[in-house]
Amino acid sequence: MTARRVKRRYAHSGAALLFLAPWLVGLLFLTLGPMLVSLYISFTDYSILAAPSWVGLGNYTTMFTSDKLFIQSLKVTFTYVAVSVPVKLIFALLVAMLLNKGIRGLGIYRTVYYIPTLLGGSVAIAMLWRKMLGGDGLLNGVLAMVGIKAPDWVANPKYALYSIVLLSVWQFGSSMIIFLAGLKQIPPEYDEASAVDGAGPLRRFFNITLPILSPVIFFNLVMQLITSFQSFTQAFVISNGSGGPVNSTLMYSLYLYKKGFSFFQMGYASAMAWVLVILIGVFTLLVFRSSKLWVHYEDGGKS
Amino acid sequence: MIGQRNSAVWVMAKHILISGIALVMLYPVLWMLGSSFKPGHMIFTETWFWPREWNFQNYMNGWTGIQGNPFSRFLTNSIVLSLGAVLGNVVSCSMAAYAFARLDFRFKAICFGLMLMTIMLPHHVTLIPQYILFNHLEWVNTYLPLVVPKWLATDAFFIFLMVQFFRGLPKELDEAATIDGCGPVRIYTKVIIPLAFPALVTTMIFTFLWTWDDFFSQLIYLSDVSKYTVPLGLRLFLDSSSQSDWGPMFAMSVLSLVPCFIVFMVCQKYFVEGIATSGLKG
């Protein structure tokens, strides 16, 4: 490349610097810088009040060898992710398929099904949930009408986490809309042709709909996985900030928050943050790797 | 045809099923709405959402507020915070997106890669150093830690969304403007921004909703009750609630959801399209 061409190629460098300035400042001071600092702090004991003192891998070894609550928070989070993500996606897909064809008033249904997702992240809904599933709440009122005496779901360590799972599944709206968009792109001829060939609805679902939809499923799966690992507000509000009863709702983010901002163990909390990054990274990578086996692209290209 | 009749029955069944699910899904929200008008002692004795007698006392009591702070203060705080965040995201993200989509510069590929990486990064990693930084700047217990990052385009997701959108605009427009003597700044303000309305609106809506509902960072950074936002204020109701206070709590919860509803109803079209095409998180 001649000097002149280089010059022309980067003719916009000055302007680009201007336009990127806010982002660059943010990147340096709020993302990259903090990442490095966070990595450093994760090898120290740091309470904000005194200077950090180096403990090497101490935080990391404590986590996996002697911190029972950390192990508990991992268990809670894995259970939450493993149950809520598949149930939510399956439900979203089923509803999307019901809405896909020959339904009048699609717009209204779409709106109604999206409302919980719209409101679901709010504290108001988490508080509603806590009261609704409480001992004298709405759910038990309904169950009592049919003669079932139910426990206080939120206060019972056996069920408390599942009340949060239920809240998460309730918010299947955005996954559903993405599924719906995917379903609309499947040419109806595919279905008709195979119906003529004598394939029943189940076979058509597994042999046509699912494979064509697999890139959309993949996308939804990755998104839900990443966000579920980071859930906080619902567990915080429903357990009143404690992760209780008996730590049964002690989600990873909640424990990290408690370590960092209730006990001011900032070093430990930073180490936890890095473990979370690695966890999410590994799971996302696994899903990406496995996608070669089950995600099909229409053009026959490989993922 | 035999199939015709069959399918009419099937359509009916489908409608019943779909509206049944819809009713069950909406019921909690309806129940909350109803409860906000019920006298305290009736909230947990009735499962039917429609109040037998209407009572506006809950709204009056809730509006009076808690710990000497009227609810209107929490609302005002939330509105100020959300507007600051919305403006910040729209300005800073659209600027960065314009550079990525339309300008040629050194290290573009590296910068773009870094930007994409930050979308995937859980915020937990930067949380504590950011807190330490803001603490040093004495910004804790102000809105600055919640607003300034938005002006620095830290929500890279929106940069990406706008890059995708800007790339779809015809490049000839830029070229024509260049021939007319416009530089990048004027192309950005006079050509790109006016055409980018849908992408800007999507960014505004989601920034507003996410800021309005955000609990985690507000919990960390705000400590004076007088600076509390709606989510923090609501939780205060929960903490102090004796049985009889549930009414005001539900009333203010309903109130806190009103802006989300309005935004949703007004912008529904963009919403559903935005989600379907770009696949936002839930």
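None of these values were measured; they are calculated from a predicted model.

Undergrad: Residues and numbers for the overall build of chain A, please.
TA: The helix and strand inventory of chain A stands at 14 helices and two strands. Computed over the C-alpha atoms, the radius of gyration of chain A is 24 Å, more than 25% above the 19 Å expected from 2.2 N^0.38 for a compact globule of 303 residues. If you line up chain A on its principal axes, its C-alpha atoms span 80 × 75 × 35 Å. The proportion of buried residues among the 303 residues of chain A is 52%. Carbon together with sulfur atoms contributes 67% to the accessible area of chain A, which is approximately 14100 Å² in total. Between the mean site of the 23 positive side-chain charges and the mean site of the 10 negative ones, chain A shows a separation of 10 Å.

Undergrad: Could you give me a rundown of the layout of surface pockets, with the residues and numbers involved?
TA: Each pocket or cavity is described by its volume, and for the second largest pocket that value is around 740 Å³. Lining the second largest pocket are 21 residues, and of these Met97, Asn100, Lys101, Asp191 and Thr209 of chain A lie nearest its centre. Within the residue set of the lining of the second largest pocket, elements represented by two or more residues are α4 (68-100), α9 (173-184), α10 (188-196) and α11 (201-229) of chain A together with α1 (2-35) of chain B. By residue number, the principal contributor to the lining of the second largest pocket is α11 of chain A, which donates six residues.

Undergrad: Run through the packing of aromatic side chains, naming residues and quoting values.
TA: For the coordinates displayed, the defined rule picks out 52 aromatic pairs over all chains. Note on Trp48 of chain B and Phe49 of chain B: the rings are 5.0 Å apart at their centroids and 50° apart in plane angle, and the pair reads as tilted. You can call Trp48 of chain B exposed: its relative accessible area is 54%. Centre to centre, the rings of Phe134 of chain B and Tyr221 of chain B are 5.7 Å apart; their planes meet at 75°, and the pair counts as edge-to-face. A residue pair is termed long-range when its members are at least 10 positions apart, and Phe134 of chain B in helix α6 (residues 124-136) and Tyr221 of chain B in helix α12 (residues 216-221) qualify at 87 residues. Each member of the aromatic cluster is reached from another via a ring pair, and the members are Phe232, Phe236, Tyr257 and Phe261 of chain A together with Tyr131, Phe134, Trp139, Phe215, Phe216 and Tyr221 of chain B.

Undergrad: Go over the environment of Val123 of chain A, please, and point to the residues and values.
TA: In this structure, Val123 of chain A sits in helix α6 (residues 123-132). In this structure Val123 of chain A comes out as buried when scored by relative accessible area, which is 2%. On a C-alpha basis, the gap between Val123 of chain A and Phe283 of chain A in space is 29 Å, while along the polypeptide they are 160 residues apart. Those residues in contact with Val123 of chain A that sit more than four places away from it in its chain are Thr233 and Val237 of chain A together with Phe215, Pro231, Leu234 and Arg235 of chain B.

Undergrad: Now, about empty space enclosed by the protein: what can you tell me, with residues and values included?
TA: In the structure shown here, the tally under the stated rule is one cavity of 30 Å³ or more. As a volume, the largest cavity reaches approximately 50 Å³. Considering the residues around the largest cavity, the lining is formed by Ser122, Val123 and Ala124 of chain A together with Trp212, Asp213, Val230, Pro231, Leu234, Ser256 and Leu257 of chain B. Of all the secondary-structure elements, those providing two or more residues to the lining of the largest cavity are α6 of chain A together with α11 (197-213), α13 (230-240) and α14 (246-278) of chain B. Split by residue class, the lining of the largest cavity holds seven nonpolar, two polar and one charged.

Undergrad: Quick rundown of the pattern of salt bridges? Include the residues and the values.
TA: Residue and element names in this part refer to chain B. With the rule as written, the count across this model stands at five salt bridges over all chains. For the salt bridge of Asp104 with Lys108, the shortest nitrogen-to-oxygen distance reads 4.0 Å. Accessibility expressed as a relative area gives 36% for Asp104, which makes it partly exposed. Taking the shortest distance from any N to any O, the salt bridge between Lys227 and Asp224 comes out at 3.9 Å. Relative accessible area serves as the criterion here: at 27%, Lys227 is assigned to the partly exposed category. Given a relative accessible area of 35%, Asp224 falls into the partly exposed group.

Undergrad: How would you sum up the interface of chain B and chain A? Please name residues and give values.
TA: With 91 residues of chain B in contact, the opposing surface of chain A contributes 92 residues. Buried area between chain B and chain A, both sides added, is near 8000 Å², and the carbon and sulfur share of it is 80%. Of all residues in chain B, Met25, His124 and Ile128 of chain B bury the most surface against chain A, accounting for 9% of the area lost on that side. At the surface where chain B touches chain A, the tally comes to zero salt bridges. Between chain B and chain A we count ten residue pairs in polar contact (both at pLDDT 80 or more) in total. For the side of chain B that touches chain A, the element with the most residues is α14 of chain B, which contributes 16 residues. For the side of chain B that touches chain A, the class distribution of residues is 65 nonpolar, 18 polar and eight charged.

Undergrad: Any details on the nonpolar core? Residues and values, ideally.
TA: In this structure, Trp23, Leu99 and Tyr113 of chain A together with Phe100 and Ile159 of chain B are the most contacted members of the largest nonpolar core, which totals 190 residues. No other element matches helix α4 (residues 71-102) of chain B, which puts 14 residues into this core. Discounting chain neighbours no more than four positions away, the residues touching Phe100 of chain B are Leu20 and Trp23 of chain A together with Phe105, Lys108, Cys111, Phe112, Met115, Ile159, Val163 and Arg167 of chain B.

Undergrad: Give a description of helix α2 (residues 13-41) of chain A that names residues and reports values.
TA: For α2 of chain A, spanning 29 residues, the distance from its first C-alpha to its last is only 36 Å, which falls clearly below the expected 42 Å at 1.5 Å a residue. Taking the largest bend as the criterion, α2 of chain A deviates by roughly 60°, centred on Leu20 of chain A, and proline Pro22 of chain A comes between one and four positions later.

Undergrad: Describe the packing of α4 of chain B against helix α8 (residues 156-167) of chain B, with residues and values.
TA: All names here are of chain B. In the contact formed by α4 and α8, the axes pass within 8 Å of each other and the chain directions differ by 50°. Taken together, the axes of α4 and α8 lie oblique to each other. α8 is crossed by α4, and the crossing has right-handed handedness. Together, Asn89, Val90, Cys93, Ser94, Ala96, Ala97, Tyr98, Phe100, Ala101 and Arg102 of α4 and Phe158, Ile159, Met162, Val163, Phe166 and Arg167 of α8 make up the contact between the two elements. For the contact of α4 with α8, the class distribution of residues is twelve nonpolar, two polar and two charged.

Calculation rules
- Residues numbered from 1 in each chain as written.
- Chains lettered and ligands numbered in written order.
- Predicted model: local features only at pLDDT ≥ 70, side-chain atom pairs only at ≥ 80, totals over all residues.
- Heavy atoms only, no water.
- Helix = DSSP H or I, 4+ residues; strand = E, 2+ residues; numbered from the N terminus.
- Rg over C-alpha atoms; globule rule 2.2 N^0.38 Å.
- Buried < 20%, exposed > 50% of the residue type's maximum accessible area, 1.4 Å probe, protein only.
- Areas by Shrake-Rupley, 256 points an atom, 1.4 Å probe, with all protein chains shown as cover.
- Lys, Arg positive; Asp, Glu negative; His and termini not counted.
- Charge placed at Lys NZ, Arg CZ, Asp CG, Glu CD.
- 1 Å grid on protein atoms, 1.4 Å probe; cavity = no way out; pocket = protein on both sides within 12 Å on 5 of 7 lines; lining within 4 Å.
- Points joined across faces, edges and corners; volume = space filled by probe spheres on them.
- Phe/Tyr/Trp six-rings, centres within 6.5 Å; stacked < 30°, edge-to-face > 60°.
- Contact = heavy atoms within 4.5 Å.
- Nonpolar A, V, L, I, M, F, W, Y, C, P; charged D, E, K, R; others polar.
- Salt bridge = Lys/Arg side-chain N within 4 Å of Asp/Glu carboxyl O.
- Buried area = accessible area lost by both parts, 1.4 Å probe.
- Polar contact = N/O pair within 3.5 Å; in protein donor to acceptor, adjacent residues only side chain to side chain.
- Core = buried A, V, L, I, M, F, W, Y, C linked by side-chain atoms within 4.5 Å.
- Expected span 1.5 Å × (residues − 1).
- Bend = angle between axes of the 7 residues up to and from the residue.
- Axes fitted to C-alpha atoms, helices over the stretch in contact; angles between N-to-C directions.
- Parallel < 35°, antiparallel > 145°, perpendicular 65-115°, else oblique.
- Left-handed = near helix turned anticlockwise from the far one by under 90°.

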